[in-house]
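Observations on the model geometry
Letter by letter, the chains look like this.
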Amino acid sequence: MGRIHSDDRAPFSNGLRLAREGQLAFPERFRIDVVGIGERVFQTATGLIVGSDGSPSFLDLAMQDVTDAQATHQQVRFMAYHDPLTGLGNRALFREQLDAAIQRARGEGGSVGVLFLDLDHFKRINDTMGHSVGDRLLLAAADRLRSCVRLSDALARGRNMDEHTISRLGGDEFTVLVPAVKKPEDLAKVARRIQNALVEPFELDGRQVLVRASIGITVWPLDGADSEQLLRNADVAMYHAKERGRNEFQFYASSLGETAMRRIELEGRLRDAAERGELELHLQPRVAAATGKLVGFEALLRWRDPERGLILPGDFIAVAEDTGLIVPIGDWVLQHACETVRRWDDAGLPAATLSVNVSARQLRGEPLAERLLAHAQAAGIDPRRIEVEITESTLVGGTRNVLETLQALRALGVRIAIDDFGTGYSCLGYLRTLPVDTLKVDRVFVSRITESETDRALTAAIVAMGRALGLRVVAEGVETAGQAYLLSSWGCDELQGYLMSRPIPEAEVEAYWRAQLALTP
Ligand code: C2E
Ligand code: MG
Ligand code: MG
């Protein structure tokens, strides 16, 4: 008994016990640790010999060592279901897994997604660099796919059943099975993640090889009733993706609603908006409350889409943040802001500061201070001419990384403002611990101070508190002279809003500024 595998011991002794009662229920297989050899698997054949009185007298047990046969069987099965080059599942396994996922989704009422992926120009690489290089490329690409699909498990909240499986159908064709799709947009995210994972060139034979993938997407039950249809339609969608230019993805049919489609389209176009020169900054003046003198500007991002005209940040920043595009876009903003300050200096304008808005994502693990310093140096300006605005909610949710980034900015002498203050529910004690210089009182408060007694008292208290903490206090969204008067009387340092000026396209800033200088030199 001691040599029987611990998992098999109970069924084994159970089998013996039941045999005594006249029942034949002996396990068909069990494992024994054979002295000097190790664990072996035995297959059993049993018979029960019953005496004339009906009581059992013998249990006849024949066992055969089937360890090797079983291993061979497993190996054969593995070979039948896997691609020998990459070790990924093959078409047969994929079909089985897809069928199983459909079965389950049918029971649970979910949907299932299939991504069909084809490497662009793989044939050319294979032909020009040779098949062994081609093989190594496939292997390396499979590794990248594996790691990025594993990453995207977070999308499916980690349940084992929800794991995405990736297979190689043959040649340069791969598939990803997403067994529990909540929204079709999630499949777009997986597709983007895969495309991003392939961005870095591959090193093969000391040469850098670039590979892109075109991806077709289908969703059960919308795009096909069974695994065969889903796969075929995903293939069709993949061809459409290729026609649209390489490195694209394409849903098969109407699996996406209008808004989702628009969002994905937006994302696609936003991706290279900076490269196509479609981003611009509009600048809104900040003036000293006491004198009305211009002290600086805030840079507000605009996207000039050739088809839809000027798009405000409210319509694209959230998408940029979700997709991580905010990191390169934010970097463009920093660079552009530094160059703008440089042009002011060259034009002999006063040394005003320029504030830029920075998203949470840019503070997390990104070397923001280094980037700012690099852009400032490239433009030949002092980094202290740039002020960084961070919304209160970002600071409240901030991690240690955020704090480290703020400290690094501080070390450069860059001023830090808390934007939209009053909307993020931060506590005063916490505020004191942060390296901030400026408090920007949110527009919501300012807009109501002349109408509501409560808002008036609240806003006055916020201003007083900011000043007591030694911060510069800026009021946002000042639209009326009445608001400006109250805010100044409470000791607000700066005002910003439509009363002074709307955000101004960059090209018009100098003329505006010179006119202001003529009024309040
Ligand atoms: P924010 O930083 O609080 O910017 C102030 C917003 O209020 C701007 O909207 C501005 O046009 C608007 N505004 C200014 N004065 C008035 C006023 O008197 N009345 C009213 N009703 N509105 C006023 P905008 O340009 O649409 O920007 C919205 C938000 O988008 C910004 O809020 C900022 O959080 C974000 N944003 C803008 N540019 C960038 C950027 O380059 N990067 C990041 N991450 N976020 C940006
Ligand atoms: Mg701002
Ligand atoms: Mg604000």
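Description of the structure in this document. (Residues numbered from 1 in each chain as written. Chains lettered and ligands numbered in written order. Predicted model: local features only at pLDDT ≥ 70, side-chain atom pairs only at ≥ 80, totals over all residues. Heavy atoms only, no water.)

Side note on the packing of aromatic side chains
As a reminder, the rule being used: Aromatic pairing here means that ring centres of Phe, Tyr or Trp (its six-membered ring) are within 6.5 Å. Orientation follows from the plane angle: under 30 degrees is stacked, over 60 is edge-to-face, and everything else is tilted. Secondary structure is summarised from DSSP: a helix means a run of H or I of at least four residues, a strand means a run of E of at least two, and numbering begins at the N terminus for each. The buried label goes to any residue with under 20% of its type's maximum accessible area, the exposed label to any with over 50%, and the partly exposed label to all in between, with areas taken from a 1.4 Å probe on protein chains only. Only Lys NZ and Arg CZ are tested; either one counts as a charge over a ring when it is within 6 Å of the ring centre and within 35 degrees of the ring normal.
Applying the stated criterion across every chain yields a total of nine aromatic pairs. Residues Phe-297 and Trp-513 carry aromatic rings whose centres are separated by 5.2 Å and whose planes lie at 70° to one another, so their mutual orientation is edge-to-face. Linking Phe-297 in strand β12 (residues 294-305) with Trp-513 in helix α19 (residues 506-519), this pair joins segments that are 216 residues apart in sequence. Side by side, Phe-297 and Trp-513 carry an identical accessibility label, which is buried. Connected via pairs of aromatic rings, a cluster forms that spans Phe-12, Phe-26, Phe-30 and Phe-42. Positioned over the ring face of Tyr-498 is Arg-502, at 3.9 Å from the centre of the ring.

Structural notes on the coordination of the magnesium ion (ligand 2)
Here is the rule: The donor set covers N, O and S atoms within 2.8 Å of the metal, switching to 3.2 Å for Na, K and Ca, and it leaves out water, so a site may look short of donors.
Protein coordination at the magnesium ion (ligand 2): the donors are Glu-298 (OE), Asn-357 (OD1), Glu-389 (OE) and Asp-419 (OD), at 2.0 to 2.2 Å from the metal. Along the chain, the residues that donate to the magnesium ion (ligand 2) are spaced as E-x58-N-x31-E-x29-D. The distance between the magnesium ion (ligand 2) and the magnesium ion (ligand 3) comes to 4.1 Å, with Asp-419 serving as a donor to both metals. Separated by 62 residues along the polypeptide, Asn-357 in strand β14 (residues 353-358) and Asp-419 in strand β16 (residues 415-421) bring together distant segments of the chain.

Describing the packing of helix α2 (residues 67-81) against helix α3 (residues 91-108)
Packed helices, taken two at a time, are described by the angle between their axes plus the distance between the axes. The cut-off we apply is this: Axis definition: a line fitted to C-alpha atoms, over the contacting stretch in the case of helices. Angles run 0 to 180 degrees between N-to-C directions. Oblique is the label for any angle not covered by the other classes, which are roughly parallel (under 35 degrees), roughly antiparallel (over 145) and roughly perpendicular (65 to 115). Working rule for contacts: check all heavy atoms of both residues, and any pair within 4.5 Å makes them a contact.
Orientation of α2 relative to α3, taken along the N-to-C sense of each, is 90°, at an axis distance of 6 Å. Classified by the angle between their axes, α2 and α3 sit roughly perpendicular to one another. Only Ala-92, Leu-93 and Glu-96 of α3 make contact with α2, whose side of the interface consists of Arg-77, Ala-80 and Tyr-81.

Notes on the pattern of salt bridges
Note the following rule: Here, a salt bridge means any side-chain nitrogen of Lys or Arg that lies within 4 Å of a carboxyl oxygen of Asp or Glu.
Scanning the entire structure with this criterion turns up 36 salt bridges. Bridged by salt links that share partners, the residues Arg-286, Glu-298, Glu-387, Glu-389, Arg-415, Lys-440, Arg-472, Glu-476 and Glu-494 form one connected network.

Topic: the sheet that holds strand β3 (residues 56-65)
Formally: Whether two strands pair comes down to DSSP finding at least two bridges between them.
The antiparallel open sheet is built from three strands, whose spatial order is β1-β2-β3. Lying at the two open borders of the sheet, with one neighbouring strand each, are β1 (29-34) and β3. The sheet shows a mean angle of 40° between the axes of neighbouring strands, taken without regard to direction. As defined by bridge partners, β1 adjoins strand β2 (residues 38-50) across six bridges and the pair is classed as antiparallel. Each residue of the ladder has a partner; that of Ile-32, found in β2, is Arg-40. Packing against the sheet, α2 makes contact with β1, β2 and β3, and its axis sits at approximately 115° to β2.

A short note on helix α12 (residues 368-379)
Applicable threshold: For a helix, the expected span equals 1.5 Å multiplied by the residue count minus one. Arc definition: directions from the helix axis to the C-beta atoms.
When the terminal C-alpha atoms of α12 are compared, their 16 Å separation across 12 residues agrees well with the 16 Å that a helix rising 1.5 Å per residue should span. The complete set of buried residues in α12 reads Leu-368, Ala-369, Leu-372, His-375, Ala-376 and Ala-379. For α12, the buried positions fall inside an angular range of 130° around the axis, keeping them on one side. Exposed positions of α12 whose direction lies more than 90 degrees from the buried face are Glu-370, Gln-377 and Ala-378.

Some words on the environment of Gln-64
Along the chain, Gln-64 turns up in strand β3. Owing to a relative accessible area of 52%, Gln-64 belongs among the exposed residues under this scheme. Counting along the chain gives 24 residues from Gln-64 to Arg-40, while the straight-line C-alpha distance between them is 9.9 Å. Setting aside its immediate chain neighbours within four residues, Gln-64 contacts Val-41, Phe-42 and Gln-43.

Structural notes on the coordination of the magnesium ion (ligand 3)
On the protein side, the magnesium ion (ligand 3) has Asp-419 (OD), Asp-420 (OD), Glu-476 (OE) and Glu-476 (OE) as donor atoms, found 2.0 to 2.5 Å from it. Here the donor residues for the magnesium ion (ligand 3) map to a single chain with the spacing D-D-x55-E. Since its relative accessible area comes to 6%, Asp-419 is described here as buried.

Observations regarding the side chain of Gln-284
Applied cut-off: Nitrogen and oxygen atoms within 3.5 Å of one another constitute a polar contact, given that in protein one can donate a hydrogen and the other can accept it, and given that sequence-neighbouring residues count only through two side-chain atoms.
Relative to the elements of secondary structure, Gln-284 occurs in strand β11 (residues 279-288). Within polar-contact distance, the side chain of Gln-284 engages the side chain of Gln-496 at 2.8 Å. There is a polar contact of 3.1 Å between the side chain of Gln-284 and the backbone oxygen of Ser-501. When residues no more than four places from it in sequence are discounted, the contact partners of Gln-284 are Gly-296, Phe-297, Glu-298, Leu-300, Gln-496, Gly-497, Tyr-498, Ser-501, Arg-502 and Pro-503.

Description of the nonpolar core
To keep it simple, the criterion reads: Definition used in this section: a nonpolar core is a set of buried Ala, Val, Leu, Ile, Met, Phe, Trp, Tyr and Cys residues joined via side-chain atoms within 4.5 Å.
Core analysis: the biggest nonpolar cluster contains 74 residues, and Trp-344, Leu-354, Val-356 and Ile-386 have the highest contact counts within it. No other element matches helix α10 (residues 326-346), which puts nine residues into this core. Aside from chain neighbours lying at most four places away, what touches Ile-386 is Ala-337, Cys-338, Val-341, Leu-354, Val-356, Leu-372, Ile-381, Val-414 and Arg-415. Listed in part, the 36 residues of the second largest apolar core include Leu-117, Val-178, Leu-204 and Ile-217.

A word on the pairing of strand β4 (residues 111-119)
Among the nine residues that make up β4, nine are buried, leaving the element largely enclosed by the rest of the structure. Covered by surrounding structure in β4 are Ser-111, Gly-113, Leu-115, Leu-117 and Leu-119 together with Val-112, Val-114, Phe-116 and Asp-118, the residues of both alternating faces. In this structure, β4 lies alongside strand β6 (residues 173-181), joined through seven bridges in antiparallel fashion. The partner of Val-114 across the bridge, within β6, is Leu-177. Relative to strand β9 (residues 213-220), β4 runs antiparallel, the two sharing eight bridges. Pairing of Leu-117 across the sheet is with Ile-215, part of β9.

Considerations on the sheet that holds strand β10 (residues 249-251)
Across the sheet, five strands lie side by side as β5-β6-β4-β9-β10; this open sheet has mixed pairing. Two strands bound the open sheet, and with one partner strand each, they are β5 (165-170) and β10. Neighbour-to-neighbour, the strand axes of this sheet turn through a mean angle of 20°, independent of strand direction. Alignment of β9 against β10, held across three bridges, turns out to be parallel. Each bridged residue has a counterpart across the sheet, and for Gly-216 the counterpart in β10 is Gln-250. Packed onto the sheet, helix α6 (residues 184-197) meets β4, β6, β9 and β10 and runs at close to 160° relative to β9.

Regarding the site of ligand 1
Where we set the bar: Throughout, near means a residue has at least one heavy atom within 4 Å of the molecule or strand. We get accessible surface area from the Shrake-Rupley algorithm with a probe of 1.4 Å; when it comes to residues, only the shown protein chains can shield them.
Around ligand 1 sit 22 residues in total, of which Ser-359, Asp-419, Arg-443, Glu-479 and Tyr-498 are the nearest. Here an oxygen atom of ligand 1 sits 2.9 Å away from a polar atom, N or O, in the side chain of Glu-298. With respect to ligand 1, the side chain of Ser-359 contributes an N or O atom lying 2.8 Å from a nitrogen atom. For ligand 1, whose accessible area on its own is 800 Å², the fraction buried by protein is 84%. Elements supplying a minimum of two residues to the shell around ligand 1: β12, α10 and β16. Looking at the shell around ligand 1, the element that brings in the most residues is β12, giving four residues.

Just distances and angles here, no functional claims.
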